[in-house]
Amino acid sequence: MQTLAGKKILLGISGGIAAYKCAELTRRLIERGAEVRIVMTQSAQEFITPLTMQAVSGNPVSDSLFDPAAEASMGHIELAKWADLVLLAPATADLIARIAAGMGNDLLSTLCLATDSPIAVAPAMNQQMYSNIATQENLATLARRSFHIWGPASGEQACGDVGPGRMLEPMDLVHRAEDFFQPADLSNIKIAITAGPTRESIDPVRYLTNHSSGKMGYAIAEAAAKRGAHVTLISGPVNLATPANVERVDTDSAEQMHQAAMDAATNHDIFISCAAVADFRPAEIATQKMKKKSGEDEMVLRLVKNPDIVASVAGLTEQRPFTVGFAAETQDVEQYARGKLSRKNLDLICANDVSQQGLGFNSDSNALHLYWPEGDKALPLASKHELGQQLISEIIDQFKAKQH
Ligand code: PMT
């Protein structure tokens, strides 16, 4: 599901160095199905040409209140009414001040007065200008009036300063726009998700683990929460922030994750097992740090099997959630994935070919192939962020189909 499909976005560009990023921003929005029209201030044209923006948006660029030709094709009031979202990016301190003051001294500020569509502001300026009390008060005024303030980011600036004031990167703005249009249609659905690796202790300072970063599971949790689902994220040890509106349960070992999953499973509608759970754990955990013994060049670690979490959930006879597993495979992907689908009694399995460089464990992108008893579907290479959204849509479709 493309959340930007058919959305009309009016991109208002003011005169900051970040204006050069608007060509990329426009392309990415259009790629996702949005229709983009551009309004530029005079000073924006010092940084990027209207011709470039016309070429990438596929629409004429508007830049003046007093242009009879532009008014004839789409007048400024019409343009103000056309937009589903007005995105001011980059929004300079000057533009923010003029809008906060309610001025209409050029086309862009006039449009902001004339529209009743939501307006998002992506501030971009020198860090000192951003911190200035005047700018802060202007932004607070806009926030109070229900403008959406997206950013800024912090970091090195074009002028050499370091601090807050960088415009969010084009893809970050695209994600903000997607989030903005995301329907909250899953508010009556509860989803439990496992993510990340497990750690199986050997002694007080050593453990067995794997390369799972948790990024895939966290992206799924984020996508579900953004659609209003109640999400419980049962996490192994990872270095990631908890997504907004997600309830996180931290676990370490497979046994702890198993306990947390069984506690959650019966009061959730859907269970998604994305965690890379250790199949085995050391039979004994040494109470003191294990020491090398002189003359011994080998060491044998006896392992015992861990509980299979997803199979335990799928095996519930009462209040069993719709159960989704993952299969990380390096060969014969379909055969092994389908084998796990039936052996673990799952409703759906997401096969992850982890033999390919840059996919699966600890990467920012991934590709999945979904299998269920009656069918299959490929979700091609995408960022984990996007894949999380697509996956939630597919899982919800299958979940609803099974309910009927
Ligand atoms: O975390 P990232 O760095 O973003 O990487 C994502 C990922 C590669 C870890 C993820 O996409 C993935 O493939 N997760 C499943 C990894 C795995 O352990 O697969 P498996 O084929 O060994 O296990 C099959 C299924 O059984 C999985 O749903 C797994 O969660 C589950 N399982 C396995 C063993 C066990 N004891 N309990 C389980 O629940």
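Here the structure is a predicted model, which means the values were calculated and not measured.

A. Structural view of the sheet that holds strand β11 (residues 230-235). Pairing is mixed across the open sheet formed by 8 strands, whose spatial order is β12-β11-β8-β13-β16-β17-β18-β19. A single partner strand is all that each edge strand has here, and the edge strands are β12 (246-250) and β19 (375-383). Strand-to-strand twist across the sheet, computed as the mean angle between neighbouring axes with direction ignored, equals 20°. Taken together, the 6 bridges between strand β16 (residues 322-329) and strand β17 (residues 348-353) define a ladder with parallel strand orientation. The residue bridging F326 from the neighbouring strand is C350, located in β17.

B. Seen up close, the pairing of strand β3 (residues 85-91). For β3, a buried count of 7 out of 7 residues is recorded, marking the element as mostly surrounded by other parts of the structure. Of the strand pairs in this sheet, strand β1 (residues 8-13) and β3 are connected by 4 bridges, and their pairing is parallel. Bridge assignment links L10 to a residue of β3, and that residue is V86. Here β3 pairs with strand β4 (residues 119-123) via 4 bridges, running parallel. In the sheet register, L87 faces β4, and the bridge partner there is A120.

C. Geometry of the side chain of E329. You can see E329 is positioned in strand β16. Residue class for E329 comes out buried when judged on its relative accessible area of 8%. A polar contact of 2.7 Å, which involves the side chain of E329, links it to the side chain of K340.

D. Representation of the site of the ligand. As a structural note, the neighbourhood of the ligand is formed by 28 residues, with S212, S213, K340, N352 and N362 the closest of them. At 2.9 Å from a nitrogen atom of the ligand is found a main-chain nitrogen or oxygen belonging to C274. A distance of 2.9 Å is found between an oxygen atom of the ligand and a backbone nitrogen or oxygen belonging to V310. In isolation the ligand has 770 Å² of accessible area, and contact with the protein removes 96% of it.

So, how was this worked out
Each chain has its residues counted from 1, following the order in which its sequence is written. In keeping with the predicted nature of the model, local features appear solely for residues at pLDDT of at least 70, side-chain atom pairs appear and are counted solely at 80 or more, and the whole-chain, interface and lining totals rest on all residues. For side-chain calculations, the full set of non-hydrogen atoms in the structure is used, while hydrogens and water are omitted. At least two DSSP bridges between two strands are needed for those strands to be called paired. Per the convention used, a helix needs a DSSP run of H or I reaching at least four residues, while a strand needs a run of E reaching at least two, with both numbered from the N terminus. Lines fitted to the C-alpha atoms define the axes, with helices restricted to the stretch that makes contact. Angles between their N-to-C directions range from 0 to 180 degrees. Only protein chains enter the area calculation, which uses a 1.4 Å probe; residues under 20% of their type maximum are buried, those over 50% are exposed, and those in between are partly exposed. Counted as a polar contact is a pair of N or O atoms within 3.5 Å, where, for protein atoms, one must be capable of donating a hydrogen and the other of accepting one, and residues adjacent in sequence contribute only when both atoms are in side chains. The nearness test applies per residue and asks whether one of its heavy atoms lies within 4 Å of the molecule or strand. The Shrake-Rupley method, run with a 1.4 Å probe, gives the accessible areas here. Residue values count only the displayed protein chains as cover.

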